[in-house]
Amino acid sequence: MSDQSIHVLILGAGFGGLAAANELKASARSNVKITVIDKKDWFMMDLVKLWIIKGTRKFETSKRPLNSITRKGIEFLNEDVIKIEPQKQTVVTPTRKISYDYLIISLGVELASEKIPGLLDNGMILYDINDVSKIHEKIKYLKSGKLGFAIMGMPYKCPPAPFEAAFIINTMLKEAGVRDAVQIDFYSPAPLTLPIAGPEVSQQLLELLKSENITFHGLHKTIQVEPNKLKFENGEREFDLLIAVPPHKAPKSVYDSGLAKEGEFINVNRDCKTMFDNVYAIGDVTSMKVTDSIVVPKAGIFAEEQGITVARNIIAKIIHEKEKAVFDGKGGCFVELGTNQAGYVEVDMFSKPTPLTLLKSPTIQHMQEKEKFEVDRLEKWL
Ligand SMILES: Cc1cc2nc3c(=O)[nH]c(=O)nc-3n(C[C@H](O)[C@H](O)[C@H](O)COP(=O)(O)OP(=O)(O)OC[C@H]3O[C@@H](n4cnc5c(N)ncnc54)[C@H](O)[C@@H]3O)c2cc1C
């Protein structure tokens, strides 16, 4: 490969793709062409969905146009990636076939609601942008009854997010003066609230839930949803309103290309290399093993760091230097409590002998840091 007109193609303009594109643009020589493809023409951080539920934000005023990255000299194509052909070094969209020298796959996950029969007819999807304003409206008019939250598959993105939603809605119901008339149950297939953060942090989160009278039911694997009824492998429970996180899957093009087995994600090590030369995968679409039973959680903060790691190694490769960058697995997630406070789960995934996790007490400052987390990245990326 000559140094002339090198093409880096990035699939997906989410957390990972935007971080990688910006890092490449900041450091690469001018002969490196960077193209980002996304089927959406806008970006909005997923965490804003919680604020739409809360009613403090609106989708229309929170999304940012993705074509603004063209101002930086990064090309943007608003197209659907329908085929990835690593053997031919091409990617196919409905209108073109694009060649690349380096490929970064950052396509995130899709919600596999169809895996739970009856879910779409009988529940609302917490992670679906089309459902969050419906959730806001339903909660606004809820006066009494049984509210169920259900995590329906593991792993899912941002492990604390469904609990944050429960805390936010708990506060909305308190403010409306109806909290005592609403029973809140939280179902999960996992035995602990946050298995990825370990038993101690899970217990702390459980105590926080209990203090707000939200009942956590671990080891409840949903198999079906009927009108007002959740069916688990080990029983059934009634609900009046259901807010669910369905199982996740990778986009179809990832399975078709052989990059991941059906129903799984792309296996990568800390260099994010795939089985194909010059093809990298980052973020939620990947599965990065930490120990035999632990993988790196699906979180924006990690997708971003992996994007930067890969961008640095691609630049090193282009200028014939050693690829030294390695994803460090350090980061954290805010846990919003529905008040003006947030806790913070700090993690060091590759600390030895086991990952290190720590839940920092809720403070106003953590809530402000969460707000800044969004602002800083929007400013930097778009
Ligand atoms: C409610 C909620 C709250 C969250 N809060 C936090 C938080 O506080 N902190 C945190 O770190 N993380 C948080 N997350 C998780 C975070 O949003 C994800 O982990 C992160 O977005 C993953 O980045 P990614 O680049 O892998 O994928 P994404 O950001 O999902 O980007 C993937 C992109 O690929 C595009 N795409 C997919 N398929 C195709 C296709 N076929 N063709 C073209 N384009 C395609 C998509 O349109 C999308 O833009 C939260 C998630 C949710 C749902």
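Above this text you will find the structure in question.
Residues numbered from 1 in each chain as written. Predicted model: local features only at pLDDT ≥ 70, side-chain atom pairs only at ≥ 80, totals over all residues.

What to know about the site of the ligand
Right, so step 1: Close contacts around the ligand come from 35 residues, with Gly12, Gly14, Gly16, Gly108 and Gly283 the closest.
Right, so step 2: Residues that form the shell around the ligand fall into these classes: 17 nonpolar, 9 polar and 9 charged.
Right, so step 3: Counting contributing residues per domain, the shell around the ligand is built from domain 1 (6–109 + 250–327) and domain 2 (113–248), each supplying no fewer than three. (Near = placed C-beta within 6 Å. Nonpolar A, V, L, I, M, F, W, Y, C, P; charged D, E, K, R; others polar. Domains from an automatic or database assignment.)

Quick word on the environment of Tyr255
Right, so step 1: In this fold, Tyr255 is placed in helix H8 (residues 252–256).
Right, so step 2: With 16 C-beta atoms packed within 10 Å, Tyr255 lands in the partly exposed category.
Right, so step 3: Note: C-alpha distance between Tyr255 and Glu110 (145 residues apart in sequence) is 12 Å.
Right, so step 4: In contact with Tyr255, other than residues within four places in its own chain, are Ala250, Ala260 and Glu262. (Helix = DSSP H or I, 4+ residues; strand = E, 2+ residues; numbered from the N terminus. Buried ≥ 20, exposed ≤ 12 C-beta atoms within 10 Å, placed from the backbone. Contact = placed C-beta atoms within 7 Å.)

Concerning the sheet that holds strand E1 (residues 6–11)
Right, so step 1: Across the sheet, 5 strands lie side by side as E5-E2-E1-E9-E21; this open sheet has parallel pairing. Of all strands in the sheet, those bounded by a partner on one side alone are strand E5 (75–78) and strand E21 (279–281). This sheet shows a mean twist of 20° between the axes of neighbouring strands, independent of strand direction.
Right, so step 2: Relative to E21, strand E9 (residues 102–105) runs parallel, the two being bridged by 3 bridges. Looking across to E21, one finds that Ile104 is bridged to Tyr280.
Right, so step 3: On top of the sheet, helix H1 (residues 15–27) reaches E1, strand E2 (32–38) and E9; it is set at about 165° to E2, its chief contact. (Pairing = 2+ DSSP bridges. Axes fitted to C-alpha atoms, helices over the stretch in contact; angles between N-to-C directions.)

Looking at unusual backbone geometry
Right, so step 1: Backbone torsion omega between Met154 and Pro155 reads -5°, so that peptide bond is classified as cis.
Right, so step 2: The topology assignment puts Pro155 in the loop between strand E12 (145–151) and helix H6 (161–175).
Right, so step 3: Here the amide bond leading from Lys352 into Pro353 is cis, since omega sits at 5°, within 30 degrees of zero.
Right, so step 4: Structurally, Pro353 is set in the loop between strand E25 (342–348) and strand E26 (356–363).
Right, so step 5: Here Cys158, not a glycine, exhibits a phi torsion of approximately 50°, which is positive.
Right, so step 6: Along the chain, Cys158 turns up in the loop between E12 and H6.
Right, so step 7: Even without a glycine there, the phi angle at His320 is positive, about 60°.
Right, so step 8: Structurally, His320 can be placed in the loop between helix H9 (300–318) and strand E24 (330–336).

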